[in-house]
Amino acid sequence: MKEQTLMIQSNYLNILLDTATEFRISKQDLINKSQLPSSFFHEQRVPEKIKFSEWIKIISSLLELAPETGIGYRFGLNCRVTSHETLGFAMLSNDTLGNVILDLQKYFNIRLHKMELNIHNHNDKVIITVHPLYQLPKDMEIEKREAIIQFLTEAAIVNIITNLKEITEYEITGMQVQVMWGKKPYHSGFEKRLPSFKFNQEKNQIIFDLKCMDLPLKFSSKSAYIFAIHHVEEEYLISQDQENQIVSLVNKNIKLVPHEGFPTLTDTARKLRVSERVLKRELMLANTTFSTLIQTKKFALTKQLISSNKSIQEISDILGYSHINAFSRAFRGWTGKNPRDYIREQKTGSGYIRPLH
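Here is what the cut-offs are and how they apply
Residues numbered from 1 in each chain as written. Predicted model: local features only at pLDDT ≥ 70, side-chain atom pairs only at ≥ 80, totals over all residues. Heavy atoms only, no water. Helix = DSSP H or I, 4+ residues; strand = E, 2+ residues; numbered from the N terminus. Rg over C-alpha atoms; globule rule 2.2 N^0.38 Å. Buried < 20%, exposed > 50% of the residue type's maximum accessible area, 1.4 Å probe, protein only. Contact = heavy atoms within 4.5 Å. Areas by Shrake-Rupley, 256 points an atom, 1.4 Å probe, with all protein chains shown as cover. Lys, Arg positive; Asp, Glu negative; His and termini not counted. Charge placed at Lys NZ, Arg CZ, Asp CG, Glu CD. 1 Å grid on protein atoms, 1.4 Å probe; cavity = no way out; pocket = protein on both sides within 12 Å on 5 of 7 lines; lining within 4 Å. Points joined across faces, edges and corners; volume = space filled by probe spheres on them. Nonpolar A, V, L, I, M, F, W, Y, C, P; charged D, E, K, R; others polar. pLDDT = per-residue confidence, 0-100. Phe/Tyr/Trp six-rings, centres within 6.5 Å; stacked < 30°, edge-to-face > 60°. Core = buried A, V, L, I, M, F, W, Y, C linked by side-chain atoms within 4.5 Å. Expected span 1.5 Å × (residues − 1). Salt bridge = Lys/Arg side-chain N within 4 Å of Asp/Glu carboxyl O. Pairing = 2+ DSSP bridges. Axes fitted to C-alpha atoms, helices over the stretch in contact; angles between N-to-C directions.

A. How the structure looks around the overall build of the protein. Scanning the protein from terminus to terminus reveals 15 helices and seven strands. Here the C-alpha radius of gyration of the protein, 22 Å, is about what a compact globule of 357 residues would show, namely 21 Å. A principal-axis box enclosing the C-alpha atoms of the protein has dimensions of 65 × 50 × 35 Å. The buried share of the protein, taken over its 357 residues, is 50%. Looking at the protein alone, contacts between residues at least 24 apart form 69% of all its contacts between residues at least 6 apart. In the structure as shown, the protein presents an accessible area of about 18,600 Å², 49% of it carried by carbon and sulfur atoms. Considering the protein, the positive charge centre built from 46 side chains and the negative charge centre built from 39 side chains are found 4 Å apart.

Below you can see the structure in the form of structure tokens.
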């Protein structure tokens, strides 16, 4: 992923500025150090999202003003579940810790942390490995690069841990963290709030007992989750499409007409005022097709309808399929399963087991 395409929601800047004040660093200190305009730090003038390059400038300045202080830990602790807005509300309202983690695996990088989570189990343990998706400037000094990477990784790991603890009343047993760098002096000041850390490891990982995946959540609500995850999926589609405007425009214009279906390529091209040939070419350049975008929308909507307890026949009719068999074939193409098996897994709470192997 190209570094310049990454964006950070500006609400995280406010949390970062509040964190900086805990270390006696003012806005003016950051303005002077980062050489960003003062208007950039004005709450009423900051855009909804800021460029990742600007975010890195602020973090780099912060680390120079407060080196070796554990400010990455503190920032991770200060980002509460609700700081992540729609993703946070989806986490809060889900049913089990396991399903929260599956959502994080897919959607974790659309908010603050531009990282990928790889999740698997081994010897009755869940292992979450953290990989960066961002790219730092190639000409950046090695020491500065390492400090920024450590800040971003510390913040992400600590944030995951504290958010998971926040959403369940039960203890997440067997939890430990493995990181690739050596133990820093500031770590001892945070030990009471964090699980056991192992340093100088091969990977950056969070590990805990597999049985914890079944832990229920404090504020589970099926209707609230359906509402929240719908908006998360919309945000995800936009984040995936941000490199190509035509893809974003197509996604905004392919809306379901209940019991009729989605618009055709011809309909969409006409609405966007381009020829079908041009639309096909632009989508091909964006490494996708109109059919792929339609199928993605159909599957997302199907999951929402399943969650709202619609029958398979009702879902097939709403999506505009001529026969339930046609819908079943499409569903097997999306999931590798028939709809009845998929729904049964969702109801028994076993839907998260297969992806972990």
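B. Geometry of the layout of surface pockets. When its volume is computed, the second largest pocket comes out at roughly 660 Å³. What lines the second largest pocket is a set of 33 residues, and nearest its centre among them are Glu143, Glu146, Ala147, Ile148 and Gln150. If you list the elements that add at least two residues to the lining of the second largest pocket, you get helix H3 (52–65), helix H4 (71–78), strand S4 (125–132) and helix H7 (142–167). Ranked by residues supplied to the lining of the second largest pocket, first place goes to H7 with 11 residues. In terms of residue class, the lining of the second largest pocket is made up of 16 nonpolar, eight polar and nine charged.

C. Fine view of the confidence of the model for the protein. Per-residue pLDDT for the protein averages 87, and the proportion of residues at 70 or more is 91%. Low pLDDT, under 50, characterises residues 350–357; the stretch is placed with 20 contacts to residues that sit more than four places away or in other chains.

D. Spotlight on the packing of aromatic side chains. Applying the stated criterion across every chain, the model contains 15 aromatic pairs. Ring centres of phenylalanine 327 and phenylalanine 331 lie 6.0 Å apart, and the angle between their planes is 55°; this geometry places the pair in the tilted category. Of this pair, phenylalanine 327 and phenylalanine 331 both sit in helix H14 (residues 324–335), four residues apart, roughly one helical turn. The pair formed by phenylalanine 327 and phenylalanine 331 is uniform in burial state, with each residue classed as buried. By the ring-pair criterion, three or more aromatic residues cluster together here, those being Phe299, Tyr321, Phe327, Phe331, Trp334 and Tyr342.

E. Structural view of the nonpolar core. Counting residues in hydrophobic clusters, the biggest one holds 82 residues, and the most contacted among them are Trp55, Phe75, Leu97, Leu152, Leu164 and Phe208. With 11 residues, H7 is the single largest residue contributor to this core. The residues touching leucine 97, leaving out its near neighbours within four places in the chain, are Leu164, Ile167, Thr168, Ile172, Cys212, Met213, Leu215 and Leu217. Within the second largest apolar cluster, 30 residues are counted, among which are Leu272, Leu293, Ile324 and Phe327.

F. A look at H3. With 14 residues, H3 extends 20 Å from end C-alpha to end C-alpha; this agrees with the ideal 20 Å at 1.5 Å per step. Within H3, burial applies to Phe52, Trp55, Ile56, Ile58, Ile59, Ser60, Ser61, Leu62 and Leu63.

G. Examining the environment of glutamate 54 more closely. Within the fold, glutamate 54 resides in helix H3. By relative accessible area, glutamate 54 is classed as partly exposed at 22%. Linking glutamate 54 and lysine 165, residues 111 residues apart in sequence, is a C-alpha distance of 31 Å. The contacts of glutamate 54, once residues within four sequence positions are left out, are Leu36 and Phe40.

H. Here's a closer look at the pattern of salt bridges. Inspection of the entire model under this criterion finds 10 salt bridges. Among the salt bridges present, the one from arginine 74 reaches glutamate 22, with a minimum N-O distance of 3.4 Å. Pair noted here: arginine 74 is in helix H4 and glutamate 22 is in helix H1 (residues 11–22), with a separation of 52 residues, a long-range link. For arginine 74, a relative accessible area of 22% puts it in the partly exposed group.

I. Just the side chain of asparagine 94, in detail. Considering the arrangement of structural elements, one finds asparagine 94 in the loop between helix H5 (85–93) and helix H6 (97–107). In this structure, asparagine 94 is in contact with Asn99, Val100, Asp103, Leu217, Ser220 and Tyr225, ignoring residues within four places of it in sequence.

J. Representation of the sheet that holds strand S3 (residues 115–122) in the model. Pairing is mixed across the open sheet formed by five strands, whose spatial order is S3-S4-S7-S5-S6. Looking along the sheet, the strands with just one partner apiece sit at the ends: S3 and strand S6 (196–198). Put simply, the sheet's adjacent strands are angled 20° from each other on average, direction ignored. Looking at chain direction, strand S5 (residues 176–178) and strand S7 (residues 205–209) are connected through three bridges and run antiparallel. Within the sheet, the bridge partner assigned to glutamine 178 lies in S7 and is glutamine 205.

K. Region of interest: unusual backbone geometry. Even without a glycine there, the phi angle at glutamate 85 is positive, about 50°. Position of glutamate 85 relative to the elements: it lies in helix H5. Although it is not a glycine, asparagine 123 adopts a positive phi angle of roughly 50°. Relative to the elements of secondary structure, asparagine 123 occurs in the loop between S3 and S4. Owing to a relative accessible area of 63%, asparagine 123 belongs among the exposed residues under this scheme.

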